[in-house]
Amino acid sequence: MAASETLKIGIIGFGPFGQFLARTMIKQGHTLVATSRSDHSLLCFQLGIPFFKEFSKFFASGSDVILLCTSIVSTSDVLSTIPMRDLQKARLFVDVLSVKEHPRDLLLQVLPEEVDLLCTHPMFGPESGRDGWEGLPLVYDRVRVRNHGLCDKFLDVFHQEGCRMLEMSCEEHDRMTAKTQFLAHTIGRILDQMKIESTSIDTKGFQKLLQVKDSSIKDSLDLYIGLYQHNKFARKEMEKLELAFQAVKGMLMESIINQGSS
Ligand code: NAP
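Student: Got a sec to walk through the overall build of the chain? Specific residues and values, please.
Tutor: Check the secondary structure of the chain and you find 11 helices and 7 strands. Buried residues in the chain amount to 45% of all 262 residues. Put simply, 69% of the contacts in the chain that link residues at least 6 apart link residues at least 24 apart. If you sum the accessible surface of the chain, you get close to 14100 Å²; carbon and sulfur atoms cover 56% of it. Taking the average place of the 30 positive charges on the side chains of the chain and the average place of its 33 negative ones, the gap between the two points comes to 1 Å.

Structure (structure tokens):
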């Protein structure tokens, strides 16, 4: 990639997902810096990128794009600690949270007016994207974008890897993921509570359940809690799940009663 096409990207939150994205961005030739609550300086050293504990130094390094990769549940606290006046050169702020209305609303309140805002959700992670991002969905909403060139350059990080680029509103995203991602995580967490395990006679269907359980619990509990607390559509899906469970159980109970009376 020509130097003119590469970006300076500053990552806030260098946990599992921030690290995962960073590896691909480094591979693509972008210039990265990172900051985080915990000390990730050793890993950053190994990756060949600077790690700054203080926001002042992180912002002074002059990134074009700031990428927020912190947990959903900490967003409000994290944003309250960022000295927005120090954003300086950064012209685009991007988040990758797995819920979208919550960060959009908070960021619109705190970002300086001149900074653009792109809300994204890469619908994959270190597990599902381990062997590449080809065909995996990247959802995005150009919430406040005036510099389309810079925004397109950033989106190209995902486009170049073969992601399926899906532009939709934050609300539409949250409505859909409550019915899909949140449901999958909830079923996985329930199966984990049940301590289901593989046997020598597993059916294909059961093996899929084991996969759902395993992939759900690989993500942090904070992530799962965030999917519930900060997606207004998740509560309804939880209620539907409970009702559906009761309905299925009721059907079975009824079948026993009917058998007894016949
Ligand atoms: P996570 O548990 O959701 O977030 C971990 C990150 O949040 C770490 O960088 C951690 O910092 C930071 N953090 C947590 N509490 C904090 C606090 N009180 N103050 C400051 N920083 C705090 O795990 P993750 O998988 O890395 O996800 C990061 C973000 O990416 C989340 O918003 C998630 O929804 C999104 N996302 C994740 C995936 C995935 O597959 N994992 C996919 C798409 C989007 P330290 O490491 O410095 O302690």
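Student: Provide a residue-level description of helix α8 (residues 181–193), including the pertinent values.
Tutor: The end-to-end C-alpha separation of α8 is 18 Å, in line with the 18 Å expected for 13 residues at 1.5 Å each. Burial in α8 covers these residues: Q181, F182, H185, T186, G188, R189 and L191. Where α8 is buried, its residues contact β5 (116–122), α7 (170–179), α9 (204–218), α10 (221–229) and α11 (234–261). Count one or two residues on from α8 and you reach K195, which has phi positive near 55°.

Student: Outline the sheet that holds strand β1 (residues 8–12), supporting the account with residue identities and numerical values.
Tutor: Pairing is mixed in the open sheet, where 7 strands are placed in the order β2-β1-β3-β4-β5-β6-β7. The strands lining the two open edges of the sheet, one partner per strand, are β2 (31–35) and β7 (164–167). Going from strand to strand, the sheet's axes swing by 25° on average, the running direction of each strand aside. Note: β1 against β2, 5 bridges, orientation parallel. Pairing of K8 across the sheet is with T31, part of β2. Contacts from helix α5 (residues 101–110) reach β4 (92–95), β5 and β6 (137–144) within the one sheet, and its direction differs from that of β5 by about 160°.

Student: Give me the lowdown on the site of the ligand, citing residues and values where you can.
Tutor: In the neighbourhood of the ligand, 26 residues make up the surrounding shell, with S36, S38, T70, S98 and S220 lying closest. For the ligand, an oxygen atom lies 3.0 Å from a polar atom in the side chain of R37. S38 places a polar side-chain atom, nitrogen or oxygen, 2.6 Å from an oxygen atom of the ligand. Contact with the protein chains covers 87% of the free accessible surface of the ligand, which is 870 Å². Within the residue set of the shell around the ligand, elements represented by two or more residues are α1 (16–27) and β5. Residue classes in the shell around the ligand are distributed as 12 nonpolar, 12 polar and 2 charged.

Student: An account of the nonpolar core is needed here, citing residue identities and associated values.
Tutor: Among soluble globular proteins, nonpolar side chains are generally buried collectively. Residues I9, L21, L67, W133, F154 and F158 are the most contacted members of the largest nonpolar core, which totals 35 residues. Secondary structure elements with two or more residues in this core: β1, α1, β2, α2 (41–47), β3 (65–68), β4, β6 and α6 (148–160). With residues near it in sequence (within four places) discarded, I9 still touches M25, H30, T31, L32, V33, S63, V65, L67 and F154. Counting 28 residues, the second-largest nonpolar core is a separate cluster that includes F59, I66, F93 and L106.

Student: Give a detailed account of the environment of S38, specifying residues and quantitative values.
Tutor: Counting through the fold element by element, S38 comes out in the loop between β2 and α2. Distance from S38 to G13, taken between C-alpha atoms, is 8.7 Å for residues 25 residues apart in sequence. If sequence neighbours within four positions are ignored, S38 has contacts with F51 and K53.

Analysis parameters
Residues numbered from 1 in each chain as written. Predicted model: local features only at pLDDT ≥ 70, side-chain atom pairs only at ≥ 80, totals over all residues. Heavy atoms only, no water. Helix = DSSP H or I, 4+ residues; strand = E, 2+ residues; numbered from the N terminus. Buried < 20%, exposed > 50% of the residue type's maximum accessible area, 1.4 Å probe, protein only. Contact = heavy atoms within 4.5 Å. Areas by Shrake-Rupley, 256 points an atom, 1.4 Å probe, with all protein chains shown as cover. Lys, Arg positive; Asp, Glu negative; His and termini not counted. Charge placed at Lys NZ, Arg CZ, Asp CG, Glu CD. Expected span 1.5 Å × (residues − 1). Pairing = 2+ DSSP bridges. Axes fitted to C-alpha atoms, helices over the stretch in contact; angles between N-to-C directions. Near = heavy atom within 4 Å. Polar contact = N/O pair within 3.5 Å; in protein donor to acceptor, adjacent residues only side chain to side chain. Nonpolar A, V, L, I, M, F, W, Y, C, P; charged D, E, K, R; others polar. Core = buried A, V, L, I, M, F, W, Y, C linked by side-chain atoms within 4.5 Å.

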